[in-house]
Amino acid sequence: MKTLIFLLKICLSIMYAQAIMFNLNPNTQKCLKEEMQAHQIVAGEYEVSSAPGQKIDYVVRDSKGHIFTQKEDISRGKFSITSEVYDTYEICFISKVLGGHNGVVQEVSLNTKKGIETKSYEGLGEAAKLKPLEVDLKRLEDLSDAIVQDFALMRKNEEEMRDTNESTNNRVLFFSIFSMCCLLGLATWQVLYLRRFFKAKKLIE
């Protein structure tokens, strides 16, 4: 049982947690995009290296440009966002060098979590007075539900892609038939026109 829970925790960390570290050049910006499900919580924790005469701002927005959260002159901190619909969110870090200073490369560390990984099961266990095994079972139940939802979403996306594929194939087929009919009509018209032309010139009877 403990082995199963341990393996599921590993799968959970792979599926829902993402840590990244990168260098940000002065007076530039770098954006990271990630998909998020409807009503899914995305929590992030960031840390940037300090540099005299420089500051880094960050902004989190969706695909339509709606800003979830933003902050200027950051050093370290956390954020949490939720979208009402399935969308792609974007995290941008913007470097700014103040006048009279030479810019240097700064290091940015970002750790994001999605879905059930953002829940505090320790606090939940203490509030509900659950035993450690019951907390692990609750985590396991939530993980199973999340996996089922992911598979349902994958199936829905596959159905949509298949429908789009079939619709495209039908349109291509109809366009091909229409093109062939146009070519046959044009060829017939050319033959009749040339026949009348040659008859008018008395080249054929």
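Here the structure is a predicted model, which means the values were calculated and not measured.

Parameters and conventions
Residues numbered from 1 in each chain as written. Predicted model: local features only at pLDDT ≥ 70, side-chain atom pairs only at ≥ 80, totals over all residues. Heavy atoms only, no water. Helix = DSSP H or I, 4+ residues; strand = E, 2+ residues; numbered from the N terminus. Buried < 20%, exposed > 50% of the residue type's maximum accessible area, 1.4 Å probe, protein only. Contact = heavy atoms within 4.5 Å. Areas by Shrake-Rupley, 256 points an atom, 1.4 Å probe, with all protein chains shown as cover. Disulfide = S-S within 2.5 Å. Pairing = 2+ DSSP bridges. Axes fitted to C-alpha atoms, helices over the stretch in contact; angles between N-to-C directions. Core = buried A, V, L, I, M, F, W, Y, C linked by side-chain atoms within 4.5 Å. Polar contact = N/O pair within 3.5 Å; in protein donor to acceptor, adjacent residues only side chain to side chain. Phe/Tyr/Trp six-rings, centres within 6.5 Å; stacked < 30°, edge-to-face > 60°.

(A) Representation of the overall build of the protein chain in the model. Across its full length, the protein chain carries 3 helices and 8 strands. The helix and strand sequence of the protein chain, counted from the amino end, reads α-β-β-β-β-β-β-β-β-α-α. Looking at the protein chain residue by residue over its 205 residues, the buried ones come to 25%. By sequence separation, contacts in the protein chain at least 24 residues apart represent 77% of the contacts at least 6 residues apart. As displayed, the protein chain has an accessible area near 14,600 Å², and 57% of this comes from carbon and sulfur atoms.

(B) Local environment of the state of the cysteines. Taken as a whole and assessed by the stated rule, the structure comprises 1 disulfide. The residue that forms a disulfide with Cys 31 is Cys 92, at a sulfur-sulfur distance of 2.0 Å. Handedness here is read from the sign of the S-S torsion; for Cys 31 and Cys 92, about 110 degrees, the answer is right-handed. Placement of Cys 31 in strand β2 (residues 29-36) and of Cys 92 in strand β7 (residues 87-97) is noted, with a sequence separation of 61 residues between them. For Cys 31, a relative accessible area of 28% gives the class partly exposed. Given a relative accessible area of 0%, Cys 92 falls into the buried group. Free cysteine: Cys 181, not disulfide-bonded; nearest cysteine sulfur from Cys 182 at 7.0 Å. You can call Cys 181 partly exposed: its relative accessible area is 48%.

(C) Seen up close, the pairing of strand β3 (residues 41-48). Side-chain alternation along β3 places Val 42, Gly 44, Tyr 46 and Val 48 on a buried face and Ile 41, Ala 43, Glu 45 and Glu 47 on a face that remains uncovered. When β3 meets strand β6 (residues 76-82), the two strands line up antiparallel, connected through 7 bridges. Counterpart to Glu 45 in the pairing with β6 is Lys 78. Inspection of the sheet shows β3 paired to strand β8 (residues 106-114) by 7 bridges, in the antiparallel sense. If you follow Val 42 over to β8, its bridge partner there is Lys 114.

(D) Representation of the sheet that holds β2 within the structure. Spatial ordering of the open sheet is given by β2-β7-β4-β5, a layout of 4 strands whose pairing is antiparallel. The sheet terminates laterally at β2 and β5 (67-71), the two strands that pair on one side only. Along the sheet, successive strands turn relative to each other by an average axial angle of 15 degrees, direction set aside. Inspection of the sheet shows strand β4 (residues 54-61) paired to β5 by 4 bridges, in the antiparallel sense. Bridge pairing links Val 60 to Thr 69 in β5.

(E) Structural context of the nonpolar core. Phe 79 and Phe 93 are the most contacted members of the largest nonpolar core, which has 17 residues in total. At the level of secondary structure, the elements contributing two or more residues to this core comprise β1 (17-24), β3, β4, β6, β7 and β8. Not counting the four nearest positions on each side in its chain, Phe 93 is found in contact with Phe 22, Leu 24, Thr 28, Gln 29, Lys 30, Tyr 46, Ile 56, Asp 57, Tyr 58, Ile 74, Val 108 and Leu 110.

(F) Molecular detail of the side chain of Lys 114. The topology assignment puts Lys 114 in strand β8. A residue is classified by how much of its surface remains accessible, and Lys 114, at 12% relative accessible area, is buried. In terms of polar contacts, Lys 114 uses its side chain to reach the backbone carbonyl oxygen of Glu 35, at 3.0 Å.

(G) Structural context of the packing of aromatic side chains. Applying the stated rule across the entire model yields 6 aromatic pairs. For the ring pair Tyr 58 and Phe 79, a centre distance of 5.9 Å and an interplane angle of 35 degrees mean the geometry is tilted. With Tyr 58 in strand β4 and Phe 79 in strand β6, this residue pair connects regions lying 21 residues apart in the sequence. Of the two residues, Tyr 58 and Phe 79, both sit in the buried class.

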